[in-house]
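Secondary and tertiary structure notes
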Amino acid sequence: MEKSNLDLSPGLLDRIKNGFSHVLKLREKPLGLAGLIIIVFWILITILAPYITPYGATQFSQEKFAPPSPQHPFGTDRWGRDLFTRIIAGSRTAFALALSATFLGLVGGTALGLSAAYFGGWTEEILGRLMDILMSFPALLIAMFVLGVLGPGTINVIIVIGIAHIPRIGRVARSATLQVKNQEFVEAARVRGESDLYIMGAEILPNILDTLGVEGAIRFAYSIFLSASLGFLGLGVQPPTPDWGLMISESRSYLQIAPWLAIFPALAIASMVLGANFLAEGLEEVTGGKQ
Amino acid sequence: MISFTASRFLQALTSILVASILIFLIAEALPGDVAQMILGQYATEESLTALRSKLGLNKPLHIRYFDWLSGVIRGDLGTSLSKTGVEVGPLLVRRARNSLVLAAGAMIFIVPISFLLGIAAGLRPGSWLDRTISVTTLGLISFPSFITGLALILIFSVQLGWLPASSSLELSRGIFQQLPRLIMPILALSGVMLGYITRHIRASMVKVLRSDYTRAATLKGLGRRKVLTKHVLRNALLPAITVIAINLGWLLGGAVVVEATFGYPGVARLVLDAIKHRDIPVMEAGLLFVVVAYITVNFGTDILYTLLDPRIRYSRGEE
């Protein structure tokens, strides 16, 4: 970001314009553009799901383990359910889970990281230590553990993944805040006598949004990754909800006779995570985060 | 140096203590009555009460925590609830050995390759080589290990029949005689980490190459080769040690998916099974092992790092 230190903090409208211009600038970044296209593709699929799915997601039929054919482009599973339909329905599950979990992580992590860096001293020490300890548990292990207590299910998976994001987003928010908090416009607000809450929300937050946006895209990708892994372990979304990780887990007994049951959900997961990671990389380049 | 080591040691110990409290509390919060689970649903109220007092379940929470902790310190991890009569200690040791073999195998594979790729990409940012490596590593971190694992099984077990699809180890035979069973789990486990570490090393190389001291060394008239070996590599690769240490934690916990995919008997799957069977002693022990291993590795890394880079001893500023 090329901005003189003497500038006052830009307003919300400028921020939104700025965000759009970042997306427009993705045109020049092949990787970011590819990511954007993949994600937009999946968003369209998710919105149009009811119109493009030929069957019901939990509709049984007599055609069990049918290989891919014009009637069933991706084949059918052991209950005769159409895999094409289930993959598309699964994109809704994936988006719902990943968007909510990322949002939860962004709100929690930003609140903790921003206030830790802003107040410094003991607040920072205690919050920092807490985040370190949370981070010393691998995310998947925390998720497994908490799901053991809460029981599996969609809402619980969202909460668990969101919590797992908090320390990592918190660390990013903290270091971004540290770079901003001593600039003139923050000083100016302090001299004007604004409250801490106002300075954090209206002065610092808009200036770390770029960083948070990139981190959000990375965490979105990781949410898909984690929820698929949890589904695979049988701790995530429960059947008969169409979930990609769960589909792969169920396909394992039939790898010999029906490999398509593993291949298509795997491609779906991989493409969505890859798309989000490409997008994050592109955004990082256009916002100047990556060298 | 000694005071730094001491304070860092104290910090690690505190972290382990806090983690042990968290683990204990979460295990306590698990739904279900342990006595009921052991005796079954037809148990009489008297026998339930008797078993609860035998297991110490009627004592207050903090007393039970200290009982558990002192047991752990004495090396007594209790007996498993789901596998009757099995001592948790020896079970954990066996599983931990398997996990360490898997993690070490992955490390031997990951470290040289990621250093090579990271340095090559970082030397010429923006070049086609850098771009190719960048896309490849993004791909690697986008494939969850169960997908890589299943792809390996589909290719090497189902199609080619070269490797066994299951990696359940036989107790009677040594682990190194069962090496073919380790190949696919190690590959599946390595993918994501290989991607992460390569990217970190690349970023660190780019940062150091653009730093003032690198420019100064070049302006001083040192040859490119000398600048690279004396200034760049040393400063760029040091932070990689920390990244690898952080990822070791991931190797132990992230291994759960790989262990489940291949039926590999490691610590992570022990914890997963214990959670599913409400086997609290096994669960607590397994988790504590992961946390202690992770914190110990980080502590060791910090000390090593300080020895290698004297600047940190005097200033531990912000990133």
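Residues numbered from 1 in each chain as written. Chains lettered and ligands numbered in written order. Predicted model: local features only at pLDDT ≥ 70, side-chain atom pairs only at ≥ 80, totals over all residues. Heavy atoms only, no water.

**Describing the overall build of chain A**
A tally of helices and strands in chain A yields 10 helices and 0 strands. Each helix and strand of chain A, ordered N terminal to C terminal, gives the series α-α-α-α-α-α-α-α-α-α. Dimensions of chain A along its principal axes, counting C-alpha atoms only, are 75 × 45 × 30 Å. Relative to all contacts within chain A whose residues are 6 or more apart in sequence, the contacts with residues 24 or more apart total 73%. By element, 66% of the accessible surface of chain A is carried by carbon and sulfur atoms, the whole surface being about 12,800 Å². (Helix = DSSP H or I, 4+ residues; strand = E, 2+ residues; numbered from the N terminus. Contact = heavy atoms within 4.5 Å. Areas by Shrake-Rupley, 256 points an atom, 1.4 Å probe, with all protein chains shown as cover.)

**Quick notes on a nonpolar patch on the surface**
A contiguous nonpolar surface patch, about 670 Å² in accessible area, is contributed by V40, I43, L44, I47, L48, Y51 and I52 of chain A. Mapped onto the elements, I52 of chain A comes out in helix α2 (residues 30-52). (Patch = residues over 30% accessible without salt bridge, like charges linked within 9 Å, V, L, I, M, F, W, Y side chains within 5 Å. Salt bridge = Lys/Arg side-chain N within 4 Å of Asp/Glu carboxyl O.)

**Digging into the interface of chain B and chain A**
At the junction of the two partners, chain B supplies 52 residues and chain A supplies 39 residues. A buried area of about 4,100 Å², summed over both sides, lies between chain B and chain A, and 75% of it is on carbon and sulfur atoms. Where chain B packs against chain A, one counts 1 salt bridge. Across the pair R199 of chain B and E281 of chain A runs a salt bridge whose closest N-O atoms are separated by 2.5 Å. One can count 5 residue pairs in polar contact (both at pLDDT 80 or more) joining chain B with chain A. Counting only elements with at least two residues in the side of chain B that touches chain A, the list comes to α1 (2-29), α6 (128-142), α7 (145-159), α8 (180-209), α10 (224-253), α11 (255-262), α12 (267-276) and α13 (280-308) of chain B. Element by element, the count of residues in the side of chain B that touches chain A is highest for α1 of chain B, at 8 residues. The residue inventory of the side of chain B that touches chain A, partitioned by class, reads 35 nonpolar, 9 polar and 8 charged. (Buried area = accessible area lost by both parts, 1.4 Å probe. Polar contact = N/O pair within 3.5 Å; in protein donor to acceptor, adjacent residues only side chain to side chain. Nonpolar A, V, L, I, M, F, W, Y, C, P; charged D, E, K, R; others polar.)

**Describing the domain arrangement of chain B**
Residue and element names in this part refer to chain B. Per the domain assignment, the segments of chain B are domain 1 (2-74) and domain 2 (93-315). Taking the mean C-alpha position of each, domain 1 and domain 2 sit 32 Å from one another. Summed over both partners, the interface of domain 1 with domain 2 buries about 1,600 Å², with 82% contributed by carbon and sulfur atoms. If you look at where domain 1 meets domain 2, you find 0 salt bridges. Inspection of the region where domain 1 meets domain 2 yields 1 residue pair in polar contact (both at pLDDT 80 or more). Listed by contribution, the elements that provide at least two residues to the side of domain 1 that touches domain 2 are α1, α2 (34-39) and α4 (61-74). Ranked by residues supplied to the side of domain 1 that touches domain 2, first place goes to α1 with 12 residues. Looking at the side of domain 1 that touches domain 2 residue by residue, the class counts come to 14 nonpolar, 3 polar and 1 charged. (Domains from an automatic or database assignment.)

**Some remarks on empty space enclosed by the protein**
All names here are of chain A. Here the structure, examined in full by the defined rule, presents 4 cavities of 30 Å³ or more. In terms of lining residues, the largest cavity is bounded by D77, R78, R81, L83, R86, M247, E250, S251, Y254 and L261. No other element matches the 3 residues that helix α9 (residues 244-251) contributes to the lining of the largest cavity. Grouping the constituent residues of the lining of the largest cavity by class yields 4 nonpolar, 1 polar and 5 charged. One number sums up the size of the second largest cavity: a volume of about 80 Å³. Of all the elements, helix α8 (residues 196-233) adds the most residues to the lining of the second largest cavity, at 4 residues. (1 Å grid on protein atoms, 1.4 Å probe; cavity = no way out; pocket = protein on both sides within 12 Å on 5 of 7 lines; lining within 4 Å. Points joined across faces, edges and corners; volume = space filled by probe spheres on them.)

**Looking at the side chain of T198 of chain B**
Residue and element names in this part refer to chain B. Mapped onto the fold, T198 is located in helix α8. You can call T198 buried: its relative accessible area is 2%. In this structure T198 touches S114, L117, G118, I133 and T137, once residues within four positions along its chain are discounted. (Buried < 20%, exposed > 50% of the residue type's maximum accessible area, 1.4 Å probe, protein only.)

**Considering the side chain of T85 of chain A**
Residues and elements named next belong to chain A. The residue T85 is located in helix α3 (residues 83-119) in this model. Since its relative accessible area comes to 1%, T85 is described here as buried. In contact with T85, not counting residues within four places along its chain, are T53, P54, Y55, G56 and A57.

**Let's talk about the packing of aromatic side chains**
Residues and elements named next belong to chain A. With the rule as written, the count across this model stands at 11 aromatic pairs over all chains. A centroid spacing of 5.5 Å and a plane angle of 70° characterise the contact between F41 and W42, whose relative ring orientation is edge-to-face. Judged by its relative accessible area of 45%, F41 is partly exposed. (Phe/Tyr/Trp six-rings, centres within 6.5 Å; stacked < 30°, edge-to-face > 60°.)

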